[in-house]
Amino acid sequence: MSLGKVFVAKGTLVLSTLLICAVILELAHCQKDGQEQRTPSPGRKPKANKAKAGKATNKGPRAVTAKPKVKATAAAQAQSVLTQVLNRGKFKKVGATLSVQAGDTLELRCRGRPVQWGVPTYLEEDDEGRLSIIQHERYGSLTLVNSTGADTGEYTCYPMYCEDTDCRKDYDKALKVFVFFPDPQELFVPSSDYYEAIQLRTNWPTVLPCQVTSPEAKVTLHREFPPLEVAVDGSEISFSVTKGFTIHRPRPHHAGALYCVASLGNLRQSSTKYMLIYVNYPMAPPAPVIQASSSSVALGENLRVTCVVMGEQNVVVDFAWEYPGQQIGRPLYTQESTSQVAGGAARQQVQSVLLVDEMREVDQGLYTCTAENLQGAKSVSTTVKVVTKAKPKKP
Ligand SMILES: *[C@@H]1O[C@H](CO)[C@@H](O)[C@H](O)[C@H]1NC(C)=O
């Protein structure tokens, strides 16, 4: 059985707006041939096509552009151009996207000496000998043979900036093209996993990649329970044929099992499942406050050091302690508790209390509490002195 695939025999698909747009764009590209090369809009680095199950994958857009501060030299300033080599030795400047029928050969050329290429992660890991990259005197070439829908993704040419033998990628001049490999059997870039877990964070856009192999596929978003199509209004949730669906401001009600459905012609298929897990993501790192029961404690008496964090409700705060007795292996006794703040809307107080029984001289020193939430950590310290009392506690 092919997992999660739905084939619908009937169902005539009207030309979608998407398709019309694609056609118009393609025409626009054709007309642009021979004109100035435009810098493609910066894209997200494509994710691995082999999704990692059970792992939170929303690390935000992975930045390809670390943008080293490198002044362009005259050599690097020479305009780089990314072209597609077509049959019969014809060349075509590429636009933002490109379609190559699955099974066909993709051949790109990029002016510059040398250049480096960026390919979808899936190809980086294992191209099975289908990918060849050759540096010629004036240009670099990338050739991908026996292509499949899985090769769909972003292809980048980085002109290199060189000083003697030391070469670095010129990220500012990177030329990107998103290549689709329409596959009549696979509307979605295949995934080896049945589902993918994605964190929904309060203040972070969430992306459901559900990458299609054809820009002409009509893609809809669906919820498993209750089974319904999710409205995509372009502002709360939007769709891009190269990025997938973006939930711009995740809310708890977005959580659950979602999947995409693509249709093209008579074919209708479901994507891998996305398990969206809502994480109450704090606005800021915690601001702990530390207080010792006393700043000078008599030998043999007990000490309580309290570390308190006030903050938004339902935000997990972790505490870690450092204390002088640690060095001699004094065990750590802590009590943690959470309470809602009376009157205050959606506020909570989380505290950790460190208990030291029968103070000894080694317990004198600095007590540090580190409070951590998903946004970061902060440490606070207090010093405790041990004083000798006239009356010893035990014989
Ligand atoms: C491409 O496919 C052809 C036909 O199936 C095969 O003979 C050839 O070895 C393949 N080439 C590569 C590099 O995989």
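Just above, that's the structure.
Residues numbered from 1 in each chain as written. Predicted model: local features only at pLDDT ≥ 70, side-chain atom pairs only at ≥ 80, totals over all residues. Heavy atoms only, no water.

A. Spotlight on the packing of aromatic side chains. For the structure on display, the rule yields four aromatic pairs. Geometrically, the ring pair formed by Tyr-158 and Tyr-171 is edge-to-face, given 5.5 Å between the ring centres and 65 degrees between the ring planes. Remark: Tyr-171 occurs in the loop between strand S9 (166-169) and strand S10 (175-180) and Tyr-158 occurs in strand S8 (residues 153-163); sequence separation between them is 13 residues. A residue is classified by how much of its surface remains accessible, and Tyr-158, at 4% relative accessible area, is buried. Centroid distance Phe-178 to Phe-180: 4.9 Å. Interplanar angle 50 degrees. Geometry classified as tilted. Looking at Phe-178, the relative accessible area reads 8%, which means it is buried. According to the relative accessible area criterion, Phe-180 is buried, its value standing at 0%. Over the ring of Tyr-158 we find Lys-169; its NZ or CZ atom is 4.8 Å from the centre of that ring. The aromatic ring of Trp-204 is capped on one face by Arg-201, whose charged end is 5.2 Å from the ring centroid. (Phe/Tyr/Trp six-rings, centres within 6.5 Å; stacked < 30°, edge-to-face > 60°. Helix = DSSP H or I, 4+ residues; strand = E, 2+ residues; numbered from the N terminus. Buried < 20%, exposed > 50% of the residue type's maximum accessible area, 1.4 Å probe, protein only. Lys NZ or Arg CZ within 6 Å of the ring centre and 35° of its normal.)

B. Broad picture of the sheet that holds strand S26 (residues 365-373). Strand order in this open sheet of four strands is S21-S27-S26-S23, and the pairing throughout is mixed. Two strands lie at the open edges of the sheet, namely strand S21 (296-298) and strand S23 (318-322), each paired on one side alone. Taking each pair of neighbouring strands and ignoring which way they run, the sheet shows an average axis angle of 30 degrees. (Pairing = 2+ DSSP bridges. Axes fitted to C-alpha atoms, helices over the stretch in contact; angles between N-to-C directions.)

C. Fine view of the site of the ligand. Around the ligand, a shell composed of Gly-129, Arg-130, Val-145 and Asn-146 is seen. For the ligand, an oxygen atom lies 2.2 Å from a polar atom in the side chain of Asn-146. For the ligand, whose free accessible area comes to 360 Å², the fraction covered by protein is 30%. Of the residues in the shell around the ligand, the class split is one nonpolar, two polar and one charged. (Near = heavy atom within 4 Å. Polar contact = N/O pair within 3.5 Å; in protein donor to acceptor, adjacent residues only side chain to side chain. Areas by Shrake-Rupley, 256 points an atom, 1.4 Å probe, with all protein chains shown as cover. Nonpolar A, V, L, I, M, F, W, Y, C, P; charged D, E, K, R; others polar.)

D. Region of interest: the sheet that holds strand S15 (residues 237-240). With antiparallel pairing, the three strands of this open sheet are ordered in space as S12-S16-S15. Unpaired on one side and paired on the other, strand S12 (206-208) and S15 mark the two borders of the sheet. On average, each strand axis in the sheet is inclined to that of its neighbour by 25 degrees, with strand direction left out of account. Here S12 pairs with strand S16 (residues 244-247) via three bridges, running antiparallel. In the sheet register, Leu-208 faces S16, and the bridge partner there is Phe-245.

E. Structural context of the pattern of salt bridges. All chains considered together, the criterion is met by four salt bridges. One salt bridge in this structure joins Glu-224 and Lys-273, with 3.0 Å as the shortest N-O distance. Residue Glu-224 is located in the loop between strand S13 (218-223) and strand S14 (228-230), and its partner Lys-273 is located in strand S19 (residues 273-279); the two are separated by 49 residues in the primary sequence. The exposure class assigned to Lys-273 is buried, which follows from its relative accessible area of 17%. (Salt bridge = Lys/Arg side-chain N within 4 Å of Asp/Glu carboxyl O.)

F. Highlighting the nonpolar core. Ranked by size, the top nonpolar core spans 23 residues in total, and within it Leu-208, Leu-221, Phe-245, Cys-260 and Leu-276 carry the most contacts. When residues of this core are traced back to their parent elements, those giving at least two are S10, strand S11 (195-201), S13, S16, strand S17 (256-264) and S19. Considering every element that reaches this core, the biggest residue donor is S17, with three residues. Once residues lying within four places of it in the same chain are set aside, the contact partners of Leu-276 are Ile-198, Leu-200, Leu-208, Ile-247, His-254, Ala-255, Gly-256 and Leu-258. Judged by nonpolar contacts, the second largest core, of 22 residues, contains Leu-98, Val-119, Leu-123 and Tyr-155. (Core = buried A, V, L, I, M, F, W, Y, C linked by side-chain atoms within 4.5 Å. Contact = heavy atoms within 4.5 Å.)

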